[in-house]
Amino acid sequence: MTLLPGDVIATGTPPGVGCFRDPPRWLKPGDVVECEIDGIGTLTNPVVETLDRSEEEEKEPGSEPSYSSSSASTKSSASAGGGGGGTGRLEGMNCIVTGAARGIGRGTAARLGLEGASRVAVVDLDPNAVDESVAFLRRACPSCSYDPVPCDVTDARAVS
């Protein structure tokens, strides 16, 4: 896959995040999340307020979220930057999503497809989880080509 200017690289849920801790730990107002890429720069996101949990988030743990171009909630639309349906603004773009086998990463991969991305690399550690996620995403958004990429992105040799 060749990346071009404007293509998207999104990171999903890494191991050790708050929701998987016992007890769970959540970001709170005043916390700051920073992501740095050598030679590119640092993206800094301050947490300014909490959001009420949506009905979707209140579902039983392990239940499948729904992704469709006509049923996005106001919160998910705002966070994804679009309306209820896809805008096509990513048409023809290639995307890479790490941590895409579950959670935020899979939701991001789905939304990229709904927004018109032509190809999304679904990257995660567990090959079985990657295959399951890709099968789910292909059903959710058949117009996008989802490519399974089992890989440990923290291992430079595996990435190259």
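Residues numbered from 1 in each chain as written. Predicted model: local features only at pLDDT ≥ 70, side-chain atom pairs only at ≥ 80, totals over all residues. Heavy atoms only, no water.

Counting its secondary structure elements, the protein chain contains four helices and six strands. Across the protein chain, helices and strands are ordered from the amino to the carboxyl terminus as β-β-β-α-β-α-β-α-β-α. Taking all 160 residues of the protein chain together, the buried fraction comes to 29%. Restricting the contact set of the protein chain to residue pairs at least 6 apart, pairs at least 24 apart contribute 59%. Accessible area for the protein chain stands at about 10500 Å²; split by element, carbon and sulfur atoms hold 54% of it. (Helix = DSSP H or I, 4+ residues; strand = E, 2+ residues; numbered from the N terminus. Buried < 20%, exposed > 50% of the residue type's maximum accessible area, 1.4 Å probe, protein only. Contact = heavy atoms within 4.5 Å. Areas by Shrake-Rupley, 256 points an atom, 1.4 Å probe, with all protein chains shown as cover.)

The next subject is helix α3 (residues 127–140). The end-to-end C-alpha distance of α3, which contains 14 residues, comes to 20 Å, matching closely the 20 Å that a straight helix rising 1.5 Å per residue would cover. Residues of α3 that are buried: Ala 129, Val 130, Ser 133, Val 134, Phe 136 and Leu 137. For α3, the angular spread of the buried residues around the axis is 165°, confining them to a single face. Exposed residues lying more than 90 degrees from the buried face of α3 are Asn 128, Glu 132 and Arg 139. As for α3, its buried residues are in contact with α2 (103–114), β5 (119–124) and β6 (145–150). You can read the cap of α3 off the contacts: a side-chain oxygen lies 3.0 Å from the backbone nitrogen of Asn 128, and it is on Asp 126. (Expected span 1.5 Å × (residues − 1). Arc of directions from axis to C-beta. Polar contact = N/O pair within 3.5 Å; in protein donor to acceptor, adjacent residues only side chain to side chain.)

The nonpolar side chains of a soluble globular protein tend to be buried with one another. By size, the foremost hydrophobic cluster in this structure holds 20 residues, and its most contacted members are Val 97, Leu 112, Val 120, Val 122, Leu 137 and Tyr 146. For this core, the elements supplying multiple residues, two or more each, are β4 (94–98), α2, β5 and α3. Residues within four places of Leu 137 in sequence aside, it is in contact with Arg 106, Ala 109, Ala 110, Val 122 and Tyr 146. (Core = buried A, V, L, I, M, F, W, Y, C linked by side-chain atoms within 4.5 Å.)

Using the criterion set out here, one finds five salt bridges in the structure. With a shortest N-O distance of 3.4 Å, Lys 28 and Asp 31 are connected by a salt bridge. In this structure, the salt-bridge partner of Arg 89 is Glu 115, at a minimum N-O distance of 3.6 Å. Of this pair, Arg 89 sits in the loop between α1 (74–80) and β4 while Glu 115 sits in the loop between α2 and β5, placing them 26 residues apart in sequence. Among the ionic contacts, a cluster of salt bridges with common partners joins Arg 89, Arg 111 and Glu 115. (Salt bridge = Lys/Arg side-chain N within 4 Å of Asp/Glu carboxyl O.)

On to the packing of aromatic side chains. Scanning all chains against the criterion turns up zero aromatic pairs. We note Arg 106 situated over the ring of Phe 136; from NZ or CZ to the ring centre the distance is 4.4 Å. (Phe/Tyr/Trp six-rings, centres within 6.5 Å; stacked < 30°, edge-to-face > 60°. Lys NZ or Arg CZ within 6 Å of the ring centre and 35° of its normal.)

The next point concerns α2. Taking 1.5 Å as the rise per residue, α2 with twelve residues should run 16 Å; its terminal C-alpha atoms sit 17 Å apart, in good agreement. Most of α2 sits inside the fold, with nine of its twelve residues counted as buried. Taken together, the buried positions of α2 are occupied by Gly 105, Arg 106, Gly 107, Ala 109, Ala 110, Arg 111, Leu 112, Gly 113 and Leu 114. Residue Gly 116 follows α2 closely and has a positive phi angle near 105°.

Low-pLDDT stretches of the model should not have their predicted coordinates read in fine detail. Of all residues in the protein chain, 72% attain a pLDDT of 70 or more, and the chain-wide mean is 75. pLDDT under 50 marks residues 69–84. Its contacts with residues more than four places away, or in other chains, come to 25 contacts. (pLDDT = per-residue confidence, 0-100.)

This part covers the sheet that holds strand β1 (residues 8–11). Remark on secondary structure: sheet strands pair via backbone hydrogen bonds, oriented parallel or antiparallel. Reading across the sheet, the four strands line up as β1-β4-β5-β6 and stay open at both edges, with parallel pairing between neighbours. Of all strands in the sheet, those bounded by a partner on one side alone are β1 and β6. Put simply, the sheet's adjacent strands are angled 20° from each other on average, direction ignored. Two strands pair when backbone bridges link them, and β5 and β6 are joined in this way by six bridges, in the parallel orientation. (Pairing = 2+ DSSP bridges. Axes fitted to C-alpha atoms, helices over the stretch in contact; angles between N-to-C directions.)

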